[in-house]
Each structure stands twice: as structure tokens, then as C-alpha cells.
Amino acid sequence: MRNICAVFLKQINETFKNKTILIQFVLFPAFALIMENAIKLQDMPEHFFVKLFSVMFVGMAPLTCMSSILSEEKEKNTLRALLMSNVKPVQYLLGVGSYLWLMCMAGSVVFALCGQYRGKELVAFLLIMAAGILLSILVGAAIGVFSRNQMTATSITIPVMMVFSFLPMIATFNEKIVKFAKIIYSQQISMLINNINDVTIEMENVVILLANMLVAIVLFLLAFYRKGLE
């Protein structure tokens, strides 16, 4: 636990040094706050920008941050120094993962306040966001572990991130794409958030989310056993 907390605090200290990571946490909540209060159009769905940017946030921020942190520390050999200081790989991953999860959940609270969610809606929104963020962290961890350096991680992360963050937005305007997009977790998160006023979790939602999590875990384990963290 001491090592996990040390890695956690290390990442907090480095947040303000790494502007790329910091922007990921701030960008979409800021966009939602500005757009929600600045743009009012007739027949616009309630809290349209909060729902739109929160899904994009889930598909982009935790995924890109996790892959970036892992690949950067591997490239700079700081990760090897940590492992030589009796920090086990699982402890390091838990420290970084919990840090990213909490930081992204802080952003989720901003979305919830901007959307004026209260009571059951607030709890449901945060639980949905928590599940989506966890899945994105697993995908980002798989990419970060597999990648040899930051350049490789970026080349893999960008297309993956664009699918998870932008496909639900495109599906909002095209019903045909929904049939394909619903097999990915970010589309399921989008569907649940868009029905947040009367959210009902069906078996299909649970099965798809669990299937996505299983695939993410398998990919991470394959990357870990093939590449490791050193």
C-alpha cells in the first residue's frame, strides 16, 4: 500500500509539470461548462453539450493519459528505476490507474454539476462515468505496456481514441451507425447518459460492457506478458 500511495503522489506532483496530461483533465469539462451556458438553441435536447462532451471525455482522457504516462516512463527509464526500488508492476499500475480514475471522476463531478443532476440522476451519472473511465484506463494500459516508446504509443492511441470518443457523437446523428457502434463501450455509455432522466440498465448493456472489459483485460495481459514494464 505504501508503494501504491507513493506512485499515486508522484503522479499528482507531475500533473502540473506535464501540460499534455493536465489539458486532458480540464479540456472537455471546460468545453461543457462554456457551451452549456453560452449556446441556447430551439428544440435542443436538455444538457446536450454535457452529455456529448462527457462521453468524449470518457473515450479520450483516461485512455490517452494512461498510454502516455506508461510509454513516457518506459522511454525515459524512470519506470525501470521504480521497479528496481522494490515497486512491483502491479503496485505501479494500481497507483497510476487509481490516480487517473480519481482525476477523471473529478472531471465527471464538473459535468454532473454543469448538468444540474441531483439525487438518483447524480448517482447514476457518476456510476456510468466511473465504469467508462475504468474501461478506458484498461485500454490505455494495454497500449502503454505494448508500446516501446511514446511515438509508438501515440500512433496507436490516436486512432483508438478517435473511435471511442467520436463514434458515439457521429452515431447521435446517424441511426445506421448506432447498429455498429453499440458493440463498443463508449456507445453504451452514451446511450445510458442520454437516458439519464429515466435510466434503465438492460441485460444488453451489461453484457456489452462486460464483454468490452474482458477484451480490454485480455489485451492488457497479452501485452504485459509479451512486453512487461521494463
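Here is a short report on the structure shown in this document. Small disclaimer: the values here were computed from a predicted structure and weren't measured. Going along each chain's sequence as written, the residues are numbered from 1 onward. Residue-level local features of this predicted model are given only where pLDDT is at least 70; pairs of side-chain atoms are given and counted only at 80 or more, and the full residue set underlies all totals for whole chains, interfaces and linings. Just so you know, side-chain values use all the structure's heavy atoms and leave hydrogens and water out.

Time to look at the overall build of the chain. Runs of H or I in DSSP of at least four residues are treated as helices and runs of E of at least two as strands, each being numbered from the N terminus. Along the chain, the regular secondary structure elements total 10 helices and zero strands. Sequence-ordered secondary structure for the chain, helices as α and strands as β, is α-α-α-α-α-α-α-α-α-α. Seen along its three principal axes, the alpha-carbon backbone of the chain occupies a region of about 60 × 35 × 30 Å. Buried residues in the chain amount to 47% of all 230 residues. Contacts were defined at the residue level, with two residues in contact if any of their heavy atoms lie within 4.5 Å. Long-range pairs, those at least 24 residues apart, make up 75% of the contacts in the chain between residues at least 6 apart in sequence. Each accessible area is a Shrake-Rupley result for a 1.4 Å probe, and residues are judged covered by the shown protein chains and nothing else. When the accessible area of the chain is evaluated, it comes to approximately 12,400 Å², of which 68% is carbon and sulfur surface. None of His or the chain ends enter the tally, which takes Lys and Arg as positive and Asp and Glu as negative. All charge positions are set by atom: Lys at NZ, Arg at CZ, Asp at CG, Glu at CD. Across the chain, 18 positive and 13 negative side-chain charges occur, with their mean positions spaced 10 Å apart. The buried label goes to any residue with under 20% of its type's maximum accessible area, the exposed label to any with over 50%, and the partly exposed label to all in between, with areas taken from a 1.4 Å probe on protein chains only.

What follows is about the packing of helix α7 (residues 150-173) against helix α9 (residues 185-194). Between two packed helices, both the angle of their axes relative to each other and the distance between the axes serve to describe the pair. Axis definition: a line fitted to C-alpha atoms, over the contacting stretch in the case of helices. Angles run 0 to 180 degrees between N-to-C directions. Contact geometry for α7 and α9: axes closest at 8 Å, N-to-C directions at 45°. Considering the angle they form, α7 stands oblique to α9. Of the two possible hands of crossing, α7 and α9 adopt the one that is right-handed. Only Y185, S186, Q187 and S190 of α9 make contact with α7, whose side of the interface consists of F164, P168 and A171. Ten residues, namely Ala, Val, Leu, Ile, Met, Phe, Trp, Tyr, Cys and Pro, are considered nonpolar, four, namely Asp, Glu, Lys and Arg, are considered charged, and the remaining ones, Gly among them, are considered polar. Among the residues making up the contact of α7 with α9, the classes are represented as four nonpolar, three polar and no charged. Convention used here: angles under 35 degrees read as roughly parallel, angles over 145 as roughly antiparallel, angles from 65 to 115 as roughly perpendicular, and any remaining angle as oblique. With the far helix as reference, a near helix turned anticlockwise by less than a right angle produces a left-handed crossing, and one turned clockwise produces a right-handed crossing.

In this description, the term disulfide denotes a pair of cysteine sulfurs within 2.5 Å. Across all of its chains, the model carries zero disulfides by this definition. The cysteine C65 is free of any disulfide, with C104 supplying the nearest cysteine sulfur at 6.1 Å.

It is worth spelling out the layout of surface pockets at this point. Any residue with an atom within 4 Å of a point lines the site, the site being either a cavity, points on a 1 Å grid over the protein atoms alone where a 1.4 Å probe fits but cannot get out, or a pocket, an open set with protein on both sides within 12 Å along at least 5 of 7 lines. Grid points are joined across faces, edges and corners, and a volume is the space filled by probe spheres set on the points. Computed from the structure, the largest pocket encloses a volume of approximately 320 Å³. Lining the largest pocket are 15 residues, and of these M66, L93, L94, L138 and F220 lie nearest its centre. Counting residues per element, the ones that place at least two in the lining of the largest pocket are α5 (89-114), α6 (119-146) and α10 (203-227). Among the elements that take part in the lining of the largest pocket, α5 stands out by supplying seven residues, more than any other. Across the lining of the largest pocket, the residue classes tally to 13 nonpolar, two polar and no charged.

As a further point, take helix α1 (residues 2-15). Across its 14 residues, α1 extends 20 Å between first and last C-alpha, which sits within 8% of the 20 Å expected from 1.5 Å per residue. Here α1 has its buried residues at I4, V7, F8, K10, Q11 and T15. Projection of α1 onto a plane perpendicular to its axis shows the buried side chains occupying an angular sector of 160°, all on one side. Residues of α1 that are exposed and point over 90 degrees away from its buried face: R2 and N13. Elements in contact with the buried residues of α1: α2 (19-38), α3 (48-75), α4 (78-84) and α5. Expected span of a helix: the number of residues minus one, times 1.5 Å. The directions considered for the arc are those from the helix axis to the C-beta atoms.

Turning our eyes to something else, we now look at the environment of L113. Within the secondary structure layout, L113 lies in helix α5. Relative accessible area serves as the criterion here: at 58%, L113 is assigned to the exposed category. Along the chain, L113 and L33 lie 80 residues apart, while their C-alpha atoms are 9.2 Å from each other.

What follows is about the pattern of salt bridges. Side chains that carry opposite charge are capable of pairing whenever their charged atoms lie near each other. A pair is scored as a salt bridge if a Lys or Arg side-chain nitrogen falls within 4 Å of a carboxyl oxygen belonging to Asp or Glu. If you walk through the whole model with that rule in mind, you get two salt bridges. Note that K182 is salt-bridged to E204, the shortest N-O span being 3.4 Å. You can see K182 sitting in the loop between α8 (175-181) and α9 and its partner E204 sitting in helix α10, a full 22 residues away along the chain. A relative accessible area of 31% places K182 in the partly exposed class. Relative accessible area serves as the criterion here: at 37%, E204 is assigned to the partly exposed category.

As a further point, take unusual backbone geometry. In terms of backbone geometry, most residues other than glycine have negative phi values and most peptide bonds are trans. The backbone of H47 shows a phi angle near 55°, a positive value even though the residue is not glycine. Topologically, H47 is positioned in the loop between α2 and α3. If you check the backbone angles, Q116 has positive phi at about 60° while not being a glycine. Structurally, the position occupied by Q116 is in the loop between α5 and α6. Overall, Q116 belongs to the exposed group, its relative accessible area being 56%.

Geometric descriptors of this kind do not, in isolation, establish any biological role.
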